[in-house]
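# Coordinate analysis (summary)
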Amino acid sequence: MMATASTTDNNQQANHNIPKTQHAVLIREFGEPEVMKYQDGADVPELQDDQVLVKIAYAGINPVDYKTRQGKGWGAENIRKDKFENDQPAILGFDVSGEVVSSNSDEFAVGDRVAALTFSGGGYAQYVAVDAKLLAKVPDNVSLEQAGALPCIGQTALQFVDFADIKTGEHVVINAPAGGVGHLLIQLLMNKVAQDNIKVTVICSPEKYTKLDELIDVSKLAGWIDYTKDEAFPNLQADVLLDLVGGEAGVRALSVLKSGARVNVLPTIWVDKLKEAGQQKDLAVAGYKAQRSGQDMARVLQEVANGKLTLKIQKTYPLSEVVAAHHELQKGDAFGKIVLAAAE
C-alpha cells in the first residue's frame, strides 16, 4: 500500500526534523562484546515502499544478538554476506519500540507509538526502517520501555506454546522459566494449568525458583527440579519438554521424559544433539524459531496491557553502554529482560 495524501503531508513536515546521520552501535567484525562500537555519523536509513521510519526509544537485547555478534547462526550469515563482504559495518538489534517519524504506509501515521521484531537488525541505533507488516501500535497503558523489551520474547513465547500443541492433562517440563522467553512462557503455561488441567514442572536454580513467586502461584506447579544439585533428575514420565537452553543442560533434562515424548527446543541448533541423546527413548525432537508478525506483536502487547502477562525488566542500559549490557546478558542469569535506551 502506498501512503495516503494526508500521510504524505505528515511525512513532508516530519522529514524536515529527521537528521541524515545518527548515533548507532556498529560492528565490523565478529567477536567479543568489545567489537561493538558506539559512534556518530551512521546513515539514517531511507524508506522503501510499505516501510515506516521509527525514532527508537528502546531496543531489547536477546541471546540471538550476542550469538550473531559472535559470528554464529543465520543472523551472522546474513551480516557476513550482505555487509562484511561489501566492506560495510552492521547494526545489531531485532527488538525496537519508538515513535513513527515518517511513513510509507497508510496503516501508521507520524506520531504513532509502535513496536516490532525485525530480524533485519538496525535496533542498536536512533532510527530504524521497519516493514509496516511487522509493526504494531503500542497500547496507551504499555510503556515504550516495556514495548521495546517485548518483541522477540513475546512473539516467541506465544508462538512456542502454539507450536508445542500441549494436550489436556499432559505433563510439561520447562527449563529456564525465569529468563527472557521463559518468564513469559511459564505464565502462559500456568493459564493452561487452569484451563486444560496440564501439569507443569520447572527446572531452575533455587534463586530463580524464589523469583517465580513474582510471576505465578508456585503452589500450582507439579514440581521443581534444582539443576544445581549433582543428583540425577527424576524420571517423571513427562509428555513434553520445553527446552530453552539446549546443550548439555538439554540433554540432562531428557531423563524426565517417557518414551515417545516430545521435545521442543529453542534455539534450533540443538535439535541434532538432543535427537542423538534421546534415541533410546524414541523422542520426537523439534526446533523452533520465532516468526515475525505484526499481528502477534499486537497480541502480546495487548496481553501486557490487559494485565494477563507480567513483563520483568532486569536492567536498562544507555545505548552507549551496549558492551556492558552484552556482558551482563551472556552471564545467563537474568531474571526477565535487559533493554537499551536509545540516546539522543
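Read on for a plain summary of the structure. (Residues numbered from 1 in each chain as written. Predicted model: local features only at pLDDT ≥ 70, side-chain atom pairs only at ≥ 80, totals over all residues. Heavy atoms only, no water.)

### Things to note about the overall build of the chain
Along the backbone of the chain there are eleven helices and 15 strands. Its C-alpha radius of gyration of 21 Å places the chain within 12% of the 20 Å reference for a compact globule of 344 residues. For the C-alpha atoms alone, the extent of the chain along its principal axes is close to 65 × 40 × 35 Å. Counting across all 344 residues of the chain, residues that qualify as buried make up 51%. Of the roughly 15,400 Å² of accessible surface on the chain, 45% is carried by carbon and sulfur atoms. (Helix = DSSP H or I, 4+ residues; strand = E, 2+ residues; numbered from the N terminus. Rg over C-alpha atoms; globule rule 2.2 N^0.38 Å. Buried < 20%, exposed > 50% of the residue type's maximum accessible area, 1.4 Å probe, protein only. Areas by Shrake-Rupley, 256 points an atom, 1.4 Å probe, with all protein chains shown as cover.)

### A look at the side chain of asparagine 62
Relative to the elements of secondary structure, asparagine 62 occurs in the loop between strand E3 (51-61) and helix H2 (63-69). Only 3.2 Å separates the side chain of asparagine 62 from the side chain of aspartate 95, close enough to count as a polar contact. In this view, asparagine 62 contacts Asp95, Cys152, Ile153, Leu329 and Lys337; residues no more than four positions away in its chain are not counted. (Polar contact = N/O pair within 3.5 Å; in protein donor to acceptor, adjacent residues only side chain to side chain. Contact = heavy atoms within 4.5 Å.)

### Things to note about the pattern of salt bridges
Taken as a whole, this structure holds 13 salt bridges when the rule is applied. Across the pair lysine 211 and glutamate 207 runs a salt bridge whose closest N-O atoms are separated by 4.0 Å. In this pair, lysine 211 and glutamate 207 both sit in helix H7 (residues 206-212), four residues apart, roughly one turn of the helix. (Salt bridge = Lys/Arg side-chain N within 4 Å of Asp/Glu carboxyl O.)

### A short note on the packing of aromatic side chains
The full count for this structure, using the stated rule, is seven aromatic pairs. With 5.6 Å between their ring centres and 15 degrees between their planes, tryptophan 74 and phenylalanine 94 make a pair best called stacked. Of this pair, tryptophan 74 sits in helix H3 (residues 73-82) while phenylalanine 94 sits in the loop between H3 and strand E4 (95-103); the two residues are 20 residues apart in sequence, bridging distant segments of the chain. Since its relative accessible area comes to 29%, tryptophan 74 is described here as partly exposed. (Phe/Tyr/Trp six-rings, centres within 6.5 Å; stacked < 30°, edge-to-face > 60°.)

### Focus on the environment of leucine 244
Turning to its location among the elements, leucine 244 is positioned in the loop between strand E11 (238-243) and helix H8 (247-253). We classify leucine 244 as buried; its relative accessible area is 17%. Distance from leucine 244 to asparagine 264, taken between C-alpha atoms, is 8.5 Å for residues 20 residues apart in sequence. Ignoring anything within four residues of it in the chain, the contact list for leucine 244 reads Phe160, Ile174, Asn175, Ala176, Val181, Gly182, Leu185 and Leu266.

### Description of the nonpolar core
If you look at the biggest cluster of nonpolar residues, it comprises 49 residues, and the most contacted ones within it are Ile174, Ile186, Val200, Leu212, Leu242 and Leu301. Elements supplying a minimum of two residues to this core: helix H4 (144-149), helix H5 (151-164), strand E8 (171-175), helix H6 (180-196), strand E9 (199-204), E11 and helix H10 (294-305). For leucine 301, the residues in contact, after removing those within four places along its chain, are Ala115, Ala136, Lys137, Val138, Pro139, Val142, Ala147 and Leu150. Counting 20 residues, the second-largest nonpolar core is a separate cluster that includes Val25, Ile79, Tyr124 and Leu340. (Core = buried A, V, L, I, M, F, W, Y, C linked by side-chain atoms within 4.5 Å.)

### A closer look at H10
Helix length check: H10, at twelve residues, gives a terminal C-alpha distance of 16 Å against a target of 16 Å (1.5 Å per residue), a fit within 8%. Taken residue by residue, H10 has Gly294, Asp296, Met297, Val300, Leu301, Val304 and Ala305 as its buried positions. Against the buried residues of H10 lie strand E5 (113-117), strand E7 (135-137), H4 and H5. Residue serine 293 occupies the N-cap position of H10, its side-chain oxygen lying 3.2 Å from the main-chain nitrogen of glutamine 295. (Expected span 1.5 Å × (residues − 1).)

### Section: unusual backbone geometry
Even without being glycine, aspartate 165 reaches a positive phi, approximately 50 degrees. The residue aspartate 165 is located in the loop between H5 and E8 in this model.

### Considerations on the sheet that holds strand E12 (residues 257-265)
Reading across from one edge, E10-E9-E8-E11-E12-E13 is the order of the six strands in this open sheet, with parallel pairing throughout. Whereas interior strands pair on both sides, the edge strands pair on one side only; in this sheet they are strand E10 (223-226) and strand E13 (284-287). Each strand axis lies, on average, 20 degrees off the axis of its neighbour in the sheet, ignoring direction. Contacting E11, E12 and E13, H5 runs over the sheet at an angle of about 150 degrees to E12. (Pairing = 2+ DSSP bridges. Axes fitted to C-alpha atoms, helices over the stretch in contact; angles between N-to-C directions.)

### Examining helix H11 (residues 322-330)
Every buried residue belonging to H11 is among Val322, Ala325, His326, Glu328 and Leu329, and all of these are buried. Each buried residue of H11 sits inside an arc of 160 degrees when the element is viewed along its axis, so together they form one side. (Arc of directions from axis to C-beta.)

### A short note on the packing of H5 against H6
In contact at an axis separation of 9 Å, H5 and H6 are set at 40 degrees when each is read in the N-to-C sense. The orientation of H5 relative to H6 falls into the category oblique. The crossing of H5 and H6 is right-handed. Within the contact between the two elements, H5 uses Ile153, Gly154, Thr156, Ala157, Leu158, Phe160 and Val161 and H6 uses Gly180, Val181, His183, Leu184, Leu185, Leu188 and Lys192. (Parallel < 35°, antiparallel > 145°, perpendicular 65-115°, else oblique. Left-handed = near helix turned anticlockwise from the far one by under 90°.)

### A look at the pairing of E12
Of the strand pairs in this sheet, E11 and E12 are connected by five bridges, and their pairing is parallel. Each bridged residue has a counterpart across the sheet, and for valine 240 the counterpart in E12 is arginine 262. In this fold, the crossover linking E11 to E12 by way of H8 has right-handed handedness. Sheet topology note: the E12/E13 ladder contains four bridges and is parallel. Residue pairing in the sheet places valine 265 in a bridge with glycine 287 of E13. Assessed by its sense of winding, the connection that carries the chain from E12 through helix H9 (residues 271-277) to E13 is right-handed. (Right-handed = clockwise from strand over helix to strand, strands pointing away.)

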